[in-house]
Amino acid sequence: DLTVQHLAAGRVQLVVVGGLPGTGKSTLAGGIGDVLGAVVLRSDVVRKELVGADSGAAATPDDGEVPFGHGVYTAETTDLTYGELVARARIALSHGESVVLDASWHDAARRKTARDLARETVADLTEIHCVAPLEITVARLTARAVRGGDPSDATPSVSHAMAAVEAAWPEAVELDTTGTEAATLGVVRARLEG
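Residues numbered from 1 in each chain as written. Predicted model: local features only at pLDDT ≥ 70, side-chain atom pairs only at ≥ 80, totals over all residues. Heavy atoms only, no water.

Draft legend 1. Up close: the overall build of the protein chain. The number of helices and strands found in the protein chain is eight helices and five strands. Counting from the amino terminus, the protein chain carries its helices and strands in the arrangement α-β-α-β-α-α-β-α-β-α-α-β-α. Expressed as a percentage of contacts within the protein chain between residues at least 6 apart in sequence, the contacts between residues at least 24 apart total 81%. In the form shown here, the protein chain has an accessible surface area of approximately 9,900 Å², with 56% of it arising from carbon and sulfur atoms. (Helix = DSSP H or I, 4+ residues; strand = E, 2+ residues; numbered from the N terminus. Contact = heavy atoms within 4.5 Å. Areas by Shrake-Rupley, 256 points an atom, 1.4 Å probe, with all protein chains shown as cover.)

Next up, the structure:
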């Protein structure tokens, strides 16, 4: 039993946490990182680093909103961001560290890149798709904007635009994040440890 416990504890895991803005993916990713003692890589932070912006400052114009696919959210910058996420994850996984990747993952091709990475590094892969009703995501995004200091610039209109192009994600565990943070993390923890 002790040997099995040590082997389980030594597993290298790659957890891909995605979903539309405001679905609680960053909160969940942080909690998973704490549980696993894993490196958490957040696309919003990596994107700001790549463009030389302060991760806590909004990358928005004077009118307060960057439309989906514009500004630092162009397809080119998004490709660079996901490429950097995967590159950083590869380094950590190759050194035996578990990794949590926090991004929208709304594009199926990018998800395949994460799956390929798990295979290459022999990491146990878990894909989680966070979902929540529109009224909850809007309230979360609004509250986050009021608080300020978050690396994400997503607004309700950005979330709506992303929802229109989000590819189906049948490989992921769909997770309703409308419960408490502790309850949601408990569901994921049971799955990861099971």
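Draft legend 2. Representation of the nonpolar core. Judged by nonpolar contacts, the single largest core of 21 residues is most densely connected at L14, L85, L93, V99, L101 and W105. With residues near it in sequence (within four places) discarded, L93 still touches V12, Q13, L14, S98, V99, L117, T121 and A123. One finds V15, V17, A29 and V188 within the second-largest nonpolar core, a separate group that totals 12 residues. (Core = buried A, V, L, I, M, F, W, Y, C linked by side-chain atoms within 4.5 Å. Buried < 20%, exposed > 50% of the residue type's maximum accessible area, 1.4 Å probe, protein only.)

Draft legend 3. Quick peek at unusual backbone geometry. Within the chain, W105 stands out as a residue other than glycine whose phi angle is a positive 55 degrees. Here W105 is to be found in the loop between β3 (99-102) and α5 (108-121). The residue V122 is not glycine, and still its phi comes out positive at about 55 degrees. With respect to the helices and strands, the residue V122 is situated in the loop between α5 and β4 (124-131). According to the relative accessible area criterion, V122 is exposed, its value standing at 70%.

Draft legend 4. Spatial organisation of the sheet that holds strand β1 (residues 13-19). The five strands lie next to each other as β2-β3-β1-β4-β5, forming an open sheet whose pairing is parallel. Strands with a single pairing partner mark the edges of an open sheet, and in this sheet they are β2 (39-42) and β5 (173-176). Sheet twist, expressed as the average angle between the axes of neighbouring strands with direction ignored, equals 20 degrees. Pairing of β2 with β3, which is carried by four bridges, proceeds in the parallel orientation. What sits directly across from V39, in β3, is V99. Along the sheet face, helix α8 (residues 181-193) touches β1, β4 and β5 and points at about 155 degrees away from the line of β5. (Pairing = 2+ DSSP bridges. Axes fitted to C-alpha atoms, helices over the stretch in contact; angles between N-to-C directions.)

Draft legend 5. Focus on the side chain of R115. Within the secondary structure layout, R115 lies in helix α5. Judged by relative accessible area, which is 16%, R115 ranks as buried. The residues touching R115, leaving out its near neighbours within four places in the chain, are L125, E127, W169 and E171.

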